[in-house]
Amino acid sequence: MTITILLDEHPRELPEGVSLAALLALLEREPHSVATAVNGQFVAREARPGTELADGDKVLLFQPIVGG
Amino acid sequence: MTDSFEIAGVPLASRFLLGSAGYPSPQLLAEAVKASETQLLTVGLKRSVQKTGDNGFVAMALAAARAQGARLLPNTAGCRSAAEAVQLACMARELYDTAWIKLEVTGDEHTLQPDPFELLAAASELVKLGFTVLPYCTDDLVLCRRLLDAGCAVLMPWGAPIGSGQGLLNPWALRTLRERLPEAVLIVDAGLGAPSHAAQAMELGYDAVLLNSAVAQARDPVRMAHAFRDAVRAGRQAWLAGVMPAQDFAVPSTPVSGHAFVLS
């Protein structure tokens, strides 16, 4: 079984039961290099392994940039 | 002589807060940070699925801040609602390991004017979550009072729209804020284009200024960082010394009595 999430507004198929931490590993993103949100809610780093993604979830990743 | 000020009990030796965006190169960013002698450097966040390179700008900004003991001040640029801003602030706290946040909630796309209602809602929530909130706000006195009541550590009213370089468009409003909120830490944020604008803000009794584009977009950002640093100091000294009141009539400065020369 697979689910479809929206990753930065783009559909992406994933195996059912995949966690947010596993998604980051799949994307080859270092856990400390990004901040994460699911359905508009911040998910702290330590909560990612226990955050199972569901069909239709909207996932966003954020990284540091320069700013004013 | 150190003339520091405090934000949430933390002393800052420099009254010149600097942004890290828009520099021609990472090296010039680092040199400008050093020249400014800033103790507070703003940074941001962006959405990104794939790891995207930035030519080393972020790494250089972090290194430059670390080299001179400056704190980082992440912002919530791009947010349009309180809910968005609160979530982004939480992400910034995790990524940058600081609870200080420059709170931005935009209400108008053309002027990038802060939305006062969403700003206040976000500030209230973030204070409850333990953040030290530095709100980018308009110069509306009542809004500023409400932000202080909500627990904001400082107020950062605009001088002019972000990146416009127009200077202080409403000195009366800024002066009124200073007069009506004498205990508040006030920082003019945004719209400063020339060092004279920064000096003017400091002469009004503001505690500090925050700017980015005026330095980053200068032909020589490092020299401009020096210029702003000196202007901030000059303006501060003028405030402490007491600027003479302007008058509509001439007052002779040479203490002659009657006519200096009698030719007939």
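Cut-offs applied
Residues numbered from 1 in each chain as written. Chains lettered and ligands numbered in written order. Predicted model: local features only at pLDDT ≥ 70, side-chain atom pairs only at ≥ 80, totals over all residues. Heavy atoms only, no water. Helix = DSSP H or I, 4+ residues; strand = E, 2+ residues; numbered from the N terminus. Rg over C-alpha atoms; globule rule 2.2 N^0.38 Å. Contact = heavy atoms within 4.5 Å. Areas by Shrake-Rupley, 256 points an atom, 1.4 Å probe, with all protein chains shown as cover. Salt bridge = Lys/Arg side-chain N within 4 Å of Asp/Glu carboxyl O. Buried < 20%, exposed > 50% of the residue type's maximum accessible area, 1.4 Å probe, protein only. Axes fitted to C-alpha atoms, helices over the stretch in contact; angles between N-to-C directions. Parallel < 35°, antiparallel > 145°, perpendicular 65-115°, else oblique. Left-handed = near helix turned anticlockwise from the far one by under 90°. Nonpolar A, V, L, I, M, F, W, Y, C, P; charged D, E, K, R; others polar. Buried area = accessible area lost by both parts, 1.4 Å probe. Pairing = 2+ DSSP bridges. Phe/Tyr/Trp six-rings, centres within 6.5 Å; stacked < 30°, edge-to-face > 60°. Expected span 1.5 Å × (residues − 1). Core = buried A, V, L, I, M, F, W, Y, C linked by side-chain atoms within 4.5 Å.

All right, on to the overall build of chain A then. Secondary structure summary: chain A contains one helix and five strands in total. Seen in sequence order, chain A has helices and strands lined up from the N terminus as β-β-α-β-β-β. Relative to the compact-globule value of 11 Å for 68 residues, chain A shows a C-alpha radius of gyration of 12 Å, a close match. When the backbone C-alpha atoms are referred to their principal axes, chain A occupies close to 45 × 25 × 20 Å. Contacts in chain A between residues at least 24 apart in sequence constitute 49% of all its contacts with a sequence separation of at least 6. Surface accessibility of chain A: about 3500 Å² in total, with carbon and sulfur atoms responsible for 53%.

As a further point, take the pattern of salt bridges. Taken as a whole and assessed by the stated rule, the structure comprises 13 salt bridges over all chains. Residue R47 of chain B is joined to E9 of chain A by a salt bridge in which the shortest nitrogen-to-oxygen separation is 3.2 Å. Of this pair, R47 of chain B sits in strand 4 (residues 40–47) while E9 of chain A is found in the loop between strand 1 (2–7) and strand 2 (10–15), placing the two residues in two different chains. Of the residues examined, R47 of chain B reaches a relative accessible area of 37% and is grouped as partly exposed. The closest approach of N and O atoms between D230 of chain B and R229 of chain B, which form a salt bridge, is 3.0 Å. Judged by its relative accessible area of 38%, D230 of chain B falls in the partly exposed class. One network of salt bridges, in which partners are shared, links E37, R229, D230 and R233 of chain B.

Turning our attention to the packing of helix 7 (residues 195–203) of chain B against helix 9 (residues 221–241) of chain B. Residues and elements named next belong to chain B. Between helix 7 and helix 9, whose axes approach to 7 Å, the crossing angle comes to 25°. When the axis of helix 7 is compared with that of helix 9, the two are roughly parallel. Note that helix 7 runs across helix 9; the crossing there is right-handed. Contact residues: helix 7 offers P195, A198, A199, M202 and E203, while helix 9 offers M224, A227, F228, A231, V232, G235, R236, A238 and W239. In terms of residue class, the contact of helix 7 with helix 9 is built from eleven nonpolar, one polar and two charged.

Before going further, it helps to spend a moment on the interface of chain A and chain B. Each partner contributes to the interface: chain A provides 27 residues, whereas chain B provides 29 residues. With both chains or domains summed, chain A and chain B bury close to 2400 Å², and 57% of this area falls on carbon and sulfur atoms. Remark: the boundary between chain A and chain B carries three salt bridges. As a salt-bridge pair, D8 of chain A and R47 of chain B come within 2.7 Å of each other at their nearest N and O atoms.

All right, on to the sheet that holds strand 6 (residues 100–103) of chain B then. All names here are of chain B. Reading across from one edge, 6-7-8 is the order of the three strands in this open sheet, with parallel pairing throughout. Only two strands of the sheet have a single partner each, and these edge strands are strand 6 and strand 8 (156–157). Where strand 6 lies against strand 7 (residues 132–137), four bridges are found, and the strand directions are parallel. From the neighbouring strand, W100 faces strand 7, where its bridge partner is T132. Contacting strand 6 and strand 7, helix 4 (residues 116–128) crosses the sheet at an angle of about 170° to strand 7.

With that settled, consider the packing of aromatic side chains. Residues and elements named next belong to chain B. With the rule as written, the count across this model stands at one aromatic pair over all chains. Judged by centre distance (6.1 Å) and plane angle (35°), the ring pair of F16 and F228 falls under tilted. Linking F16 in strand 3 (residues 16–19) with F228 in helix 9, this pair joins segments that are 212 residues apart in sequence. Relative accessible area serves as the criterion here: at 1%, F16 is assigned to the buried category.

Residues and elements named next belong to chain B. With respect to the helices and strands, Q237 occurs in helix 9. Under the relative-accessibility criterion, Q237 is labelled partly exposed at 40%. On a C-alpha basis, the gap between Q237 and E179 in space is 18 Å, while along the polypeptide they are 58 residues apart.

All names here are of chain B. Along its 21 residues, helix 9 runs 30 Å from first to last C-alpha, staying within 8% of the 30 Å computed at 1.5 Å per residue. Turning to helix 9, its buried residues number three or more, namely P221, V222, A225, F228, R229, A231, V232, G235 and R236. Where helix 9 is buried, its residues contact strand 3, helix 1 (26–36), helix 7, strand 10 (208–211) and helix 8 (213–216). Trailing helix 9 by a residue or two, G242 shows a phi angle of about 95°, which is positive.

Here we take up the nonpolar core. If you look at the biggest cluster of nonpolar residues, it comprises 71 residues, and the most contacted ones within it are L103, V209, L211 and V215 of chain B. With residues near it in sequence (within four places) discarded, L103 of chain B still touches T76, A85, L119, A122, A123, L126, V133, L134, P135 and Y136 of chain B. Counting 16 residues, the second largest nonpolar core, distinct from the first, contains L23, L24, V38 and V59 of chain A.

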